[in-house]
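Listed here are the chains, written in short residue letters.
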Amino acid sequence: MKALYHQYNGIYGAPKIHAFLTQKGYNVSVKYVQKIMRLLGITSVTIKKFKHYTNSKVKGVFKNMLKSMMLSIFLNFKNKLATGLK
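Residues numbered from 1 in each chain as written. Predicted model: local features only at pLDDT ≥ 70, side-chain atom pairs only at ≥ 80, totals over all residues. Heavy atoms only, no water.

Visitor: Hey, could you run me through the overall build of the protein chain in this one?
Guide: Looking only at helices and strands, the protein chain has four helices and zero strands in total. Ordered by position in the sequence, the α and β elements of the protein chain form the string α-α-α-α. The proportion of buried residues among the 86 residues of the protein chain is 14%. Contacts spanning at least 24 positions in sequence make up 49% of the contacts within the protein chain whose residues lie at least 6 apart. Counting every atom, the protein chain has about 8,100 Å² of accessible surface; 61% of that belongs to carbon and sulfur. (Helix = DSSP H or I, 4+ residues; strand = E, 2+ residues; numbered from the N terminus. Buried < 20%, exposed > 50% of the residue type's maximum accessible area, 1.4 Å probe, protein only. Contact = heavy atoms within 4.5 Å. Areas by Shrake-Rupley, 256 points an atom, 1.4 Å probe, with all protein chains shown as cover.)

Encoded structure:
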């Protein structure tokens, strides 16, 4: 069982090892395979689900700083054009 586990780089868990063993003719249950794996200290690789990050400190809508800065530059340029580009 440990050789099969290492053959597949620790990805196989108890259900897949159980399926492999029953295919080879061994009469074992999934719970028995789990017990043996626990005794051998081997666990399968599990991939965690993606969890969206939320920061509870950030609240509300922020002011668009770029838009306000560009608006002020545009208004200054427009004012200089009106006064004759001094």
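Visitor: Help me out: how do you make sense of the side chain of H18 in this one?
Guide: Relative to the elements of secondary structure, H18 occurs in helix α2 (residues 14–23). Look at H18 and you get buried, because its relative accessible area is 18%. Residues in contact with H18, not counting those within four places in the same chain, are V28, S29, V30 and V33.

Visitor: Hey, could you run me through the nonpolar core in this one?
Guide: Core analysis: the biggest nonpolar cluster contains nine residues, these being L4, Y5, Y12, A14, I17, L21, V33, M37 and I42. Among the elements of the structure, α1 (2–7), α2 and α3 (30–40) are those that each provide at least two residues to this core. Dropping the residues within four chain positions of it, L4 is found in contact with I17 and F20. (Core = buried A, V, L, I, M, F, W, Y, C linked by side-chain atoms within 4.5 Å.)

Visitor: Explain the packing of α2 against α3 to me, please; I cannot follow it from the model alone.
Guide: Geometrically, a packed helix pair is captured by the angle between its two axes and the distance between the axes. With their axes 9 Å apart at the nearest point, α2 and α3 run at an angle of 115° to one another. Like other packed secondary-structure pairs, α2 and α3 cross with a definite hand, here right-handed. Contacts from A14, P15, I17, H18 and L21 of α2 reach α3 at V30, V33, Q34 and M37. Along the lines of polarity and charge, the residues of the contact of α2 with α3 split into seven nonpolar, two polar and no charged. (Axes fitted to C-alpha atoms, helices over the stretch in contact; angles between N-to-C directions. Left-handed = near helix turned anticlockwise from the far one by under 90°. Nonpolar A, V, L, I, M, F, W, Y, C, P; charged D, E, K, R; others polar.)

Visitor: Any chance you could explain helix α4 (residues 65–83) here in plain terms?
Guide: Structurally, the α-helix is built with 3.6 residues per turn, so residues lying three or four positions apart point the same way. The terminal C-alpha atoms of α4 lie 27 Å apart, and with 19 residues this matches the ideal 27 Å at 1.5 Å per residue to within 8%. Trailing α4 by a residue or two, G84 shows a phi angle of about 100°, which is positive. (Expected span 1.5 Å × (residues − 1).)

Visitor: Would you mind going over a nonpolar patch on the surface with me for this structure?
Guide: Residues L66, M69, M70 and I73 make up a contiguous nonpolar surface patch of roughly 410 Å² in combined accessible area. Topologically, M70 is positioned in helix α4. Taking the relative accessible area as the measure of exposure, M70 reaches 47% and is therefore partly exposed. (Patch = residues over 30% accessible without salt bridge, like charges linked within 9 Å, V, L, I, M, F, W, Y side chains within 5 Å. Salt bridge = Lys/Arg side-chain N within 4 Å of Asp/Glu carboxyl O.)

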